[in-house]
Amino acid sequence: MCGILGVVGQAPVNQLLYDGLQLLQHRGQDAAGIVTANGKSFHMHKGSGMVRDVFRTRNMRSLLGNAGIAHVRYPTAGSASNLAEAQPFYVNSPFGIVLAHNGNLTNTDELKADMYRYDLRHINTNSDSEVLLNVFAHELAQRVEGYELSVEAVFEAVEAVHRRVRGAYAVVAMIAGYGLVAFRDPNGIRPLVIGTNDTNGKTEYMFASESVALDCSGFKVLRDVEPGECVFVSFAGDFHAQPSKGPTRHAPCLFEFVYFARPDSVIDGASVYQARTVMGETLADKIRRVLPEMDIDVVMPIPDTSRPSALQLANHLGLPYREGFIKNRYIGRTFIMPGQAVRKKSVRQKLNPVACEFKDRNVLLVDDSIVRGTTSKEIVQMARDAGAKKVYFASAAPAVRFPNVYGIDMPTRAELLATGRTEDEIAREIGADAVIYQDLDALMDAVHSVNRELRDFETSCFNGEYITGDITEAYLDAIESARRDGKGQKEEVEGAQPVDLNLNVAEQNLI
């Protein structure tokens, strides 16, 4: 999961991009990068870590220009430890292009082979985003006549990308000397929102993974980029958009509303906060059915994502709502010092129970989802240690039984708690008296109730139905095997340094 930004402004945009990245920090903490455009030159700085750690004053001063793109990364393809895979990516031809991508391609290996054999392009990393950049660059080069770029050539290149590329992708890119391109896969799996701001009679444009980055930057939400649509904004501020000429399907990822997106965001026209409150109501209805005796004394959220659902659930059931766990917001890196034993990282570093809220009570804990179950198991034990008589555990999402291949870093099927287990077996595994999952239909209805135009969703992690139609058992086996072989790849590399590049592309020729 990643966060992307793109801005065409009327004044320097470096601070705007930095602030926007901080608002999207929840979407990725492994790496951050910004590229600005000044004339026909790009200025880039990117590095491993949080936004606040990657950028210093000297870096910001070097990011010149009134347009730019930015990215925060949580890797689902490639390696977190490889700084070369931090985004945005750059290719020098045609014209010079930089690109930032949120999502995950499902035919990366096929595309890489085609790039080498037919397009004569070299891919230097294991990142699918670099592959996507090179596909776009190649298709654009094929449609340029002479040394000038037309808007029609950009639109045709993106249409060709849609024909070649499978998977999930929301993209912002800049073409040196011309403008900013934004597009979204034909299924609309990953979000991308457009905002505007009027400055001195001229319109500035911002593209972001979530509307919160627009709101807090002074931009007004214009609309979402439609599935398969391509938008081009010239550096002079001219706005052009073209819907996809091929088949499209508006099926946003349901997990965005459950967990990833900030509650104050609106994506695909649906308020994330409102959707989560309705999830609480539908989950309360199910609890009434499966726990008719209602021997629950208090409802508690697992901070922070589940709060709207838990509060609405408590109201719907007429039960007290309490904050039983306090979250430490200042957890950073942990170190193994000489003479110190290697200790298993514990949830107790992040959460601490308020004992008086648990003592001699039957508690209902509400979380956004249950994935591996290791965290849930430890939380249940913390509740019991604090004096709870009974511990029920409710999930605002259905059981996660399948890997997500569209940009969410989920474990293998063998690591997923719900795979091959009933709800009673899951309850025993985590030590709860009962586990209650949201029904998938109820979850979809919850989001649909907030935006009636949303009727279709990407739900593969819950039901194993992959909407791109190209995911087979062999494909899942292969990615799970690669994941097992690559265990530990997210360990931080000692001595990894940020990258600063000033890329003058004014004299680059076409391939």
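Residues numbered from 1 in each chain as written. Predicted model: local features only at pLDDT ≥ 70, side-chain atom pairs only at ≥ 80, totals over all residues. Heavy atoms only, no water.

Attention now goes to the pairing of strand β7 (residues 167-175). Here β7 lies mainly inside the structure; nine of its nine residues are buried. Both faces of β7 are covered, namely the face carrying G167, Y169, V171, A173 and I175 and the face carrying A168, A170, V172 and M174. Here strand β6 (residues 97-105) pairs with β7 via nine bridges, running antiparallel. Within the sheet, the bridge partner assigned to L99 lies in β7 and is A173. Of the strand pairs in this sheet, β7 and strand β8 (residues 179-184) are connected by six bridges, and their pairing is antiparallel. Looking across to β8, one finds that A170 is bridged to R184. Linking two consecutive strands that pair antiparallel, namely β7 and β8, is a turn of three residues; a positive phi of about 85 degrees is found at G177 within it. (Buried < 20%, exposed > 50% of the residue type's maximum accessible area, 1.4 Å probe, protein only. Helix = DSSP H or I, 4+ residues; strand = E, 2+ residues; numbered from the N terminus. Pairing = 2+ DSSP bridges.)

At their nearest, the axes of helix α5 (residues 128-142) and helix α6 (residues 151-164) sit 8 Å apart, and the two run at 130 degrees to each other. With respect to their mutual orientation, α5 and α6 come out oblique. The handedness of the crossing between α5 and α6 comes out as right-handed. Residues L132, V135, F136, H138, E139 and L140 of α5 touch α6, and the partners they reach there are A153, V154, A157, V158, A160, V161 and R164. Its residues placed into classes, the contact of α5 with α6 shows 10 nonpolar, one polar and two charged. (Axes fitted to C-alpha atoms, helices over the stretch in contact; angles between N-to-C directions. Parallel < 35°, antiparallel > 145°, perpendicular 65-115°, else oblique. Left-handed = near helix turned anticlockwise from the far one by under 90°. Contact = heavy atoms within 4.5 Å. Nonpolar A, V, L, I, M, F, W, Y, C, P; charged D, E, K, R; others polar.)

Quick look at the pattern of salt bridges now. Scanning the entire structure with this criterion turns up 30 salt bridges. R184 is paired through a salt bridge with D268; the nearest N and O atoms lie 2.9 Å apart. Taken as a pair, R184 in strand β8 and D268 in the loop between β14 (266-267) and β15 (270-271) lie far apart in primary sequence, 84 residues in all. One exposure class covers both R184 and D268, and it is buried. As a salt-bridge pair, K390 and D295 come within 2.9 Å of each other at their nearest N and O atoms. Of the two residues, K390 is situated in strand β20 (residues 390-395) and D295 in the loop between α9 (272-290) and β16 (298-301); the sequence distance between them amounts to 95 residues. Ionic contacts of the salt-bridge type, sharing partners, join the residues D304, R307, E323, K327 and R329 into one network. (Salt bridge = Lys/Arg side-chain N within 4 Å of Asp/Glu carboxyl O.)

All right, on to the nonpolar core then. By size, the foremost hydrophobic cluster in this structure holds 37 residues, and its most contacted members are F255, F257, M279, Y406, V447 and F462. Contributions of two or more residues to this core are made by α8 (254-260), α9, α14 (440-450), α15 (460-463) and α16 (473-485). The dominant element in this core, judged by the number of residues it contributes, is α8, at five residues. With residues near it in sequence (within four places) discarded, F462 still touches L254, F255, A397, P398, A399, V400, F402, L440 and L443. Judged by nonpolar contacts, the second largest core, of 35 residues, contains A137, V154, V171 and Y178. (Core = buried A, V, L, I, M, F, W, Y, C linked by side-chain atoms within 4.5 Å.)

Right, let's get into the sheet that holds strand β21 (residues 434-437). Pairing is parallel in the open sheet, where four strands are placed in the order β16-β19-β20-β21. The two strands at the open ends of the sheet, each matched to only one other strand, are β16 and β21. For this sheet, the mean inter-axis angle between neighbouring strands, taken without regard to orientation, is 25 degrees. For strand β19 (residues 362-367) and β20, the ladder comprises six bridges, and the chain directions are parallel. Bridge pairing in β20 links V363 to V391.

An order of β5-β6-β7-β8-β12-β13 is seen for the six strands of this open sheet, with the pairing classed as antiparallel. Edge positions in the sheet fall to β5 (89-91) and β13 (239-242), since each has one partner strand and no second. Neighbour-to-neighbour, the strand axes of this sheet turn through a mean angle of 20 degrees, independent of strand direction.

Another aspect to go through is the packing of aromatic side chains. As enumerated under the stated definition, the model contains 12 aromatic pairs in all. Each ring, one from Y259 and one from F260, has its centre 5.0 Å from the other, and the planes form 70 degrees; the classification is edge-to-face. Members of the aromatic cluster, joined through ring pairs, are F255, Y259, F260 and F462. Directly above the aromatic system of F89 lies the positively charged group of K46, at a separation of 5.1 Å from the ring centroid. (Phe/Tyr/Trp six-rings, centres within 6.5 Å; stacked < 30°, edge-to-face > 60°. Lys NZ or Arg CZ within 6 Å of the ring centre and 35° of its normal.)

Direction vectors running N to C along α9 and helix α10 (residues 307-317) enclose 45 degrees, while the axes themselves pass 7 Å from each other. With respect to their mutual orientation, α9 and α10 come out oblique. Of the two elements, α9 crosses α10, and the hand of that crossing is right-handed. Here Y273, R276, T277, M279, G280, E281, L283, A284, D285, I287 and R288 of α9 lie close against α10, whose contacting residues are P308, S309, Q312, L313, H316 and L317.

All right, on to the side chain of R190 then. Relative to the helices and strands, R190 resides in the loop between β8 and β9 (193-199). Classification of R190 by relative accessible area gives buried; the value is 0%. Reaching out from R190, the side chain makes a polar contact with the side chain of E256 at a distance of 3.1 Å. (Polar contact = N/O pair within 3.5 Å; in protein donor to acceptor, adjacent residues only side chain to side chain.)

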